Amino acid sequence: MKFLVLVVNRCLWFLPTVLGLMVITFTISHLIPADPIAAAAGENATAEQIAALRVKFGLDQPIYVQLYRYVLAVAQGDFGISLYTQRPIVFDIATRLPATLELTFVAVLIAATLGIPLGVLSATHRNSPLDHVLRVITVSGLAIAAFWLAILFQLLFAMKLGWTPLQGRVDGWGPDSVTGFFLIDAVLMGDLEILQDVAAHMILPAATLAFPAMATIVRFTRAGVLEAINSNYVMYEEAMGFPRRIIVWKYVLRNALIGTVTQIGLIFGILIANGVVVEAVFDWPGLGLYAVSSILQSDYNGIMAFAIIAGVIFIVVNLLVDITHGLIDPRESR
Amino acid sequence: METLRFVAGRFLQDRVALIGAVLILLLVLAAVFAPWLATHPQDVSEFHPADRLQGPSLAHFLGTDRMGSDVYSRLLYGARITITIAVIAISVSVLIGVPVGLVAGYYRGWFSELLMRVSDIFLAVPQIVLAIAIAQTLGPSIENVILALSATYWPFWARLVYAETRSIQNEVFIEASIALGVSPLRVMITHILPNIMSSIIVRTTIGMGGTILTAAALGFLGLGPPAPSPEWGRTIAESREFLPDAWWYATAPGLAIFLVVMGFNLLGDGLRDILDPKIRRSRTHDR
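Owing to the predicted nature of the structure, the values given are computational and were not obtained by experimental measurement.

Rules used in this analysis
By convention here, each chain's residues receive numbers from 1 onward along its written sequence. Working convention: letters from A go to chains and numbers from 1 go to ligands, in the order in which they are written. Local features in this predicted model are restricted to residues whose pLDDT is 70 or higher, and side-chain atom pairs enter the listing and the counts only when it is 80 or higher, whereas totals over whole chains, interfaces and linings include all residues. Side-chain figures throughout are based on the complete set of non-hydrogen atoms in the structure, without hydrogens or water. We count a stretch as a helix when DSSP gives it H or I for four or more residues in a row; a strand needs E for two or more, and each element gets its number in order from the N terminus. Note on exposure labels: buried denotes an accessible area under 20% of the residue type's maximum, exposed denotes more than 50%, and partly exposed covers the range between, all computed with a 1.4 Å probe on protein chains only. Here a polar contact means two N or O atoms within 3.5 Å. Within protein one must be a hydrogen donor candidate and the other an acceptor candidate, and residues neighboring in sequence count only if both atoms are side-chain atoms. Note on definitions: angles span 0 to 180 degrees between N-to-C directions of axes, and those axes are lines fitted to C-alpha atoms, for helices only across the stretch in contact. Crossings are sorted by hand: turned counterclockwise from the far helix by less than a right angle, the near helix makes the crossing left-handed, and turned clockwise it makes it right-handed. The contact criterion used is simple: two residues touch if any of their non-hydrogen atoms lie within 4.5 Å. These descriptions rest on fixed angle ranges, namely under 35 degrees for roughly parallel, over 145 for roughly antiparallel, 65 to 115 for roughly perpendicular, and the rest for oblique. Residues are grouped as follows: nonpolar covers Ala, Val, Leu, Ile, Met, Phe, Trp, Tyr, Cys and Pro; charged covers Asp, Glu, Lys and Arg; every other residue, Gly included, is treated as polar. Joining two parts hides part of their accessible area as seen by a 1.4 Å probe, and the buried area is that hidden amount summed over both. Salt bridge, as applied in this entry: a Lys or Arg side-chain nitrogen positioned within 4 Å of an Asp or Glu carboxyl oxygen. Pairing of aromatic rings covers Phe, Tyr and the six-membered ring of Trp, with a centre-to-centre limit of 6.5 Å; geometry is then stacked below 30 degrees between planes, edge-to-face above 60, and tilted otherwise. Lysine NZ or arginine CZ positioned within 6 Å of the ring centre and within 35 degrees of the ring normal marks a charge as sitting over the ring. Given the number of residues in a helix, its expected span is that number minus one, multiplied by 1.5 Å.

Caption draft 1: Looking closely at the environment of A:Thr104. Residue and element names in this part refer to chain A. You can see Thr-104 is positioned in helix α5 (residues 89-124). Judged by its relative accessible area of 12%, Thr-104 falls in the buried class. Through-space distance from the C-alpha of Thr-104 to that of Leu-209 is 7.7 Å; in sequence the pair is 105 residues apart. There is a polar contact of 2.6 Å between the side chain of Thr-104 and the backbone oxygen of Thr-100.

Laid out in structure tokens, this is it:
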């Protein structure tokens, strides 16, 4: 029952938060110093032409009417036309979203499969050389600029050693699009060559994104394990003669991971933020690269759409994290 | 005074915090003494096309860039930009966030709710996303980067101060001063603020690192101060087309960002260990 209240409570916050986000982007888009209509109309436009354009775009209306129309349009997925591709922005974003999601999932997968065991080892071998090395790695992971790490990887592995492709998502056309996730599509086609090519393109950007995420996971897993290992049930299990391996990897880890799960929201924030620059470096045709080309083209509509979509994805992830947290840790919802 | 000596003593023992402080000191020295430390101080705005893309040598410690300017000298001047952006943006964030958090934490009612909901909305989105939108709309310049960062970072302090204020509000000494008729403003400034100062200091130190990373990312995306600014993020973006040959061009500014952010993160971690009595207790406990 309490759990249900938690879920309903969190879901009720979803709408006001997204609405607030729209108010922010609406405000930002009204910060433009120059008159956008005068600029769009061109230098030779007469005052009447400009006034007509103002009416056409609804800019003659009071500000709250404009805001109302804006929210209504965005809620229906209408972000306007991209000045760059001349297509509805929602189309552009829909075609690019799978690339970003695939990259993000792979990065999270790498970060978790490496980060959780390393975090446990770091805690069980506290103050050992291994712990110190891991501390240096995690501190570095949170201090390094993602775009710089991306360039270093490119410089070393693609340019000097030639082990991986320099950039892009695939050579040639790529697999027939079924899901939009190239790894899955390649498997569905049963084409090993394409699968290999897709994976090779994915390694560097995924590793770049995974590094700071892994650092965060190691940190929180380590802290969680250290806290759990001092609790009474561990003392009890040790007294009962349970093997240490089982205590740590089965009982302690399960409790420690609760703390790590709550940080997934934070990790996702890092991934979205770094995704923009990493996609720019690797020419990865996702949402981040779209944001970057919108910046280069001064495409305000594209930037605002990116801000809203990225924001909503982030809000949804945090909503899911809260609910999952309530599910796996009954104490939360008691 | 006693506390200060205690903190200073702990600080000198904490090697991690000390390394962080040294790195930050190096940044400040580089920025302040840039004109004297630079071997080619005029290269911030002067170009020598004949010397372009030369590797590191005695004449150019870190090589030259696409314009033939000295990378090392420009790096030092870039430190000035980094410090300016980070210090102003963080100061503004603290100056907005702390009062908002104090007021929202001290009073109860719809206004407090509103203040916290607004900060929650800002916190519900990754900072760089809104910063990109703001910086792009206003146009690339150092002032707009500062504005974009301040506008997106203040809620961190508002949240923190709000939570801390709420948690110490029921302490006896606060209730006593309210009962004695001390004005709310005075309670907030002389009783609550000093007690939550250590959390604010720790958050601010770590926040500096994050702000420098975001500012560099904005510069890298072309939203920072325009060319020929020696801003570090912009320099890395400019260097990309000359890879892999001119490796020094891209590595030097990235390493500078890395060391500076590392400095603030290490100092923040160290300060937290020293200042936070809760952690201090648990540390001695599990030893």
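Caption draft 2: Fine view of the packing of helix α4 (residues 71-106) of chain B against helix α7 (residues 142-168) of chain B. Their axes nearest at 6 Å, the elements α4(B) and α7(B) cross at an angle of 35°. At the point where α4(B) passes α7(B), the crossing takes the right-handed sense.

Caption draft 3: How the structure looks around the environment of A:Val90. Residue and element names in this part refer to chain A. Checked against the element boundaries, Val-90 lands in helix α5. A residue is classified by how much of its surface remains accessible, and Val-90, at 36% relative accessible area, is partly exposed. Taking the C-alpha atoms as reference, Val-90 lies 6.3 Å from Phe-79; in sequence the two are 11 residues apart. Setting aside residues no more than four positions away along its own chain, Val-90 makes contact with Gly-77 and Phe-79.

Caption draft 4: Structural detail: the packing of helix α12 (residues 264-282) of chain A against helix α13 (residues 287-296) of chain A. All names here are of chain A. Taken N-terminus to C-terminus, the directions of α12 and α13 make an angle of 80°; their axes are 7 Å apart at the nearest point. Classed by the angle they form, the pair α12 and α13 counts as roughly perpendicular. Counting all contacts with α12, which are made through Gly-275, Val-276, Glu-279 and Ala-280, the residues of α13 involved are Leu-287, Gly-288, Leu-289 and Val-292. The class makeup of the residues in the contact of α12 with α13 is 5 nonpolar, 2 polar and 1 charged.

Caption draft 5: Spotlight on the interface of chain B and chain A. Chain B puts 42 residues into the contact, and the matching count from chain A is 50 residues. For the chain B and chain A pair, buried surface summed over both sides reaches about 3900 Å², with 77% attributable to carbon and sulfur atoms. The largest per-residue losses of area from chain B upon contact with chain A belong to B:Gln136, B:Thr137 and B:Leu221, which jointly make up 16% of the total buried on that side. Our enumeration of links across chain B and chain A arrives at 1 salt bridge.

Caption draft 6: Examining the packing of aromatic side chains more closely. Applying the stated rule across the entire model yields 14 aromatic pairs over all chains. Judged by centre distance (5.8 Å) and plane angle (80°), the rings of B:Trp110 and B:Phe111 are edge-to-face. A network of ring pairs unites the aromatic residues A:Phe153, A:Phe157 and A:Trp163 as a single cluster. For the cation-ring pair, B:Arg203 lies above B:Phe156, with the distance from its terminal atom to the ring centre recorded as 4.8 Å. Residue placement shows B:Arg203 over the ring face of B:Trp157; its charged tip is 5.6 Å from the ring centre.

Caption draft 7: Quick look at helix α6 (residues 127-138) of chain B. All names here are of chain B. Compared with an ideal rise of 1.5 Å per residue, which puts 12 residues at 16 Å, α6 spans 17 Å between its outermost C-alpha atoms and is within 8% of the ideal. Buried within α6 are the following residues: Gln-127, Ile-128, Val-129, Leu-130, Ala-131, Ile-132, Ala-133, Ile-134, Ala-135, Gln-136, Thr-137 and Leu-138. Of the residues one or two after α6, Gly-139 is the one with positive phi, at around 100°.

Caption draft 8: Seen up close, the pattern of salt bridges. Across all of its chains, the model carries 12 salt bridges over all chains by this definition. A salt bridge links A:Arg222 to A:Asp131; the shortest N-O distance between them is 2.9 Å. Of the two residues, A:Arg222 sits in helix α9 (residues 192-229) while A:Asp131 sits in helix α6 (residues 129-143), which places them 91 residues apart along the sequence. Overall, A:Arg222 belongs to the partly exposed group, its relative accessible area being 23%. Across the pair B:Asp120 and B:Arg117 runs a salt bridge, and its minimum N-O distance is 2.8 Å. With B:Asp120 and B:Arg117 both in helix α5 (residues 110-123) and 3 residues apart, the pair spans about one turn of that helix. Under the relative-accessibility criterion, B:Arg117 is labelled partly exposed at 28%. Each of B:Glu113, B:Arg117, B:Asp120 and B:Arg159 takes part in one network of salt bridges that share partners.

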